[in-house]
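Here's the letter readout for the chains.
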Amino acid sequence: MLHSLVRCHALPPPSQLCRVFFCTGTSASSSGATASPDTHFMVEYLVSTCGFSVDVASKVSKSLRRIQSTENADVVLGFLRSQGLVGANLRKVISWRPGMLGWDVETNLAPRFKVLRDMGLSESDIMDIAPRHPFVIGFNRESTLLPRFKAWESLFGSREILLKNLRRSKWFFSSNIENVVRPNMNFLRDECGIPEERISLVLKRSPGFFTQKPDSLRALVDRADGIGIPRESKMFLWILDVLHLVSREKFEAQVKIMNSFGLSYSDFIAAMKKYPRFLWLSTGALQRKMEFLVKDVGITPSDITKLPVFLTFSLEKRIEVFISSVVTPSPAFHLPSFGQDQFGTVCRNVTCIRIRRWKTLDNSQQ
């Protein structure tokens, strides 16, 4: 029955794909000519059936030299498509484990997908999760997949939160829990004094943070100490979560940008303590937004540091619409020019006009 699954997906004529090829890369002909040893019939097959480019198909096919027929690959692709994996998602899974095309569907692939369904994943979940976490297909279902699933479920506190993170996050699921994740959590609790409930909250929202090497996390904590972030601060862990994706070079460049607007290093750190996610902005985006808010809108740089969340708004879609909704635009810029008191009013009215899509991190910890 599985063989019939692929029949609805058109393949090139048999004359193109059903020729006799061997893993040596040679083909027989009446003239006795030998094909280039670098060519392999699976390149043509991957291009025709999966939509790979020739270059990518050439790389993927290097793991398929022992395949001498497309028959089993037809069955595997048909099965994967029947599970909802098509197009780019199918290519991601095949690229991760090309040898899958040689697996037996009945004894190898089908049981793995059954485990995923038994864990509560719908077909749409599998379509979302498998390309992000192809390990869920590659793991041995008995010795690795189920124990890992249960361990992450325990850490998150519910299956619902685990599935939510599997849908939106990449790669955390393959991390070693006992050698990496738990030691990192213990270090933050025992040596940094961070309460377990706060660690749990950050884990649920950003599991990838806990999958960095323990030595890297210790270095990151030392870096935060050097910047001047007290470990007892409620924002310390949130700042670590942001900072681990910001290089030292980028951080220093952002400090220089803020200095150019008359802000001191302590001003920059104060803004970071309030809303550290603005550090994820590119230096170009930070420069443009500061210029817009200071020069066009008329907000003082010190006021911006009081509500740095403004820096993360889209210039076109959020800041301009927001300001235009709160005050009458000035003729020169079609935007207002206001001082500190008016800026405070603007800040208080952010939620009223409903353009803030998130709460501050302080509120998220309550």
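By convention here, each chain's residues receive numbers from 1 onward along its written sequence. Totals for whole chains, interfaces and linings use all residues, but because this is a predicted model, local features are given only for residues with pLDDT of at least 70 and pairs of side-chain atoms are given and counted only at 80 or more. Note that water and hydrogens are dropped before the side-chain values are worked out from all heavy atoms of the structure.

Caption draft 1: Structural view of the overall build of the chain. Broken down by element type, the chain carries 21 helices and 0 strands. Relative accessible area decides the class of each residue, using a 1.4 Å probe on protein chains only: under 20% of the type maximum gives buried, over 50% gives exposed, and in between gives partly exposed. Here the chain, with 366 residues, has 45% of them falling under the buried criterion. Contacts: residue pairs with any heavy atoms within 4.5 Å of one another. Considering only contacts in the chain between residues 6 or more positions apart, those separated by 24 or more positions represent 70%. Methods summary: accessible areas were calculated by the Shrake-Rupley approach with a probe of 1.4 Å, and residue burial reflects only the protein chains presented. About 18,500 Å² of surface is accessible on the chain, with carbon and sulfur atoms providing 51% of the total. By definition, any uninterrupted DSSP run of H or I lasting at least four residues is a helix, any uninterrupted run of E lasting at least two residues is a strand, and each is numbered from the N terminus.

Caption draft 2: Structural view of the nonpolar core. Formed by 104 residues in total, the largest nonpolar core has its most connected members in Leu80, Leu101, Leu109, Ile137, Trp152, Leu188 and Phe251. If you tally residues by element for this core, the top one is helix H14 (residues 236-243), at 7 residues. Those residues in contact with Leu80, other than ones at most four positions away along the chain, are Leu85, Leu90, Ile94, Met100, Leu109 and Phe113. Working definition of a nonpolar core: buried Ala, Val, Leu, Ile, Met, Phe, Trp, Tyr and Cys residues. They are joined through side-chain atoms within 4.5 Å.

Caption draft 3: Layout of the confidence of the model for the chain. Of all residues in the chain, 74% attain a pLDDT of 70 or more, and the chain-wide mean is 79. Summary of the metric used: pLDDT quantifies the predictor's per-residue confidence within the range 0 to 100. Segment residues 327-341: pLDDT under 50, and 29 contacts once partners within four positions in sequence are set aside and those in other chains are kept. Low pLDDT, under 50, characterises residues 348-366; the predicted model gives this stretch 31 contacts beyond four residues in sequence or across chains.

Caption draft 4: Structural view of the side chain of Gln254. Along the chain, Gln254 falls in helix H15 (residues 248-260). Between N or O atoms, a polar contact is any pair within 3.5 Å; within protein, one atom must be a potential hydrogen donor and the other a potential acceptor, and residues adjacent in sequence are included only when both atoms are from side chains. A polar atom in the side chain of Gln254 sits 2.9 Å from the backbone oxygen of Leu279. Beyond its immediate chain neighbours, meaning those up to four positions away, Gln254 contacts Val246, Phe268, Phe278, Leu279, Leu281, Thr283 and Leu286.

Caption draft 5: A look at a positive patch on the surface. Together, Lys164, Arg168, Arg205 and Arg277 give the surface a local cluster of positive charge. Its place among the elements puts Lys164 in helix H10 (residues 159-168). Excluding any residue in a salt bridge, patches collect residues exceeding 30% relative accessible area, merging like charges within 9 Å and nonpolar Val, Leu, Ile, Met, Phe, Trp and Tyr side chains within 5 Å. Counted as salt bridges are all cases of a side-chain nitrogen of Lys or Arg within 4 Å of a carboxyl oxygen of Asp or Glu. Charged-residue counts in this description rest on Lys and Arg as positive and Asp and Glu as negative, His and the chain ends being excluded. Each charge is placed at NZ for Lys, CZ for Arg, CG for Asp and CD for Glu.

Caption draft 6: Representation of helix H2 (residues 41-50). Counting buried positions over the 10 residues of H2 gives 7, a clear majority of the element. Among the residues of H2, Phe41, Met42, Val43, Tyr45, Leu46, Thr49 and Cys50 are the ones counted as buried. Residue Gly51 follows H2 closely and has a positive phi angle near 85 degrees.

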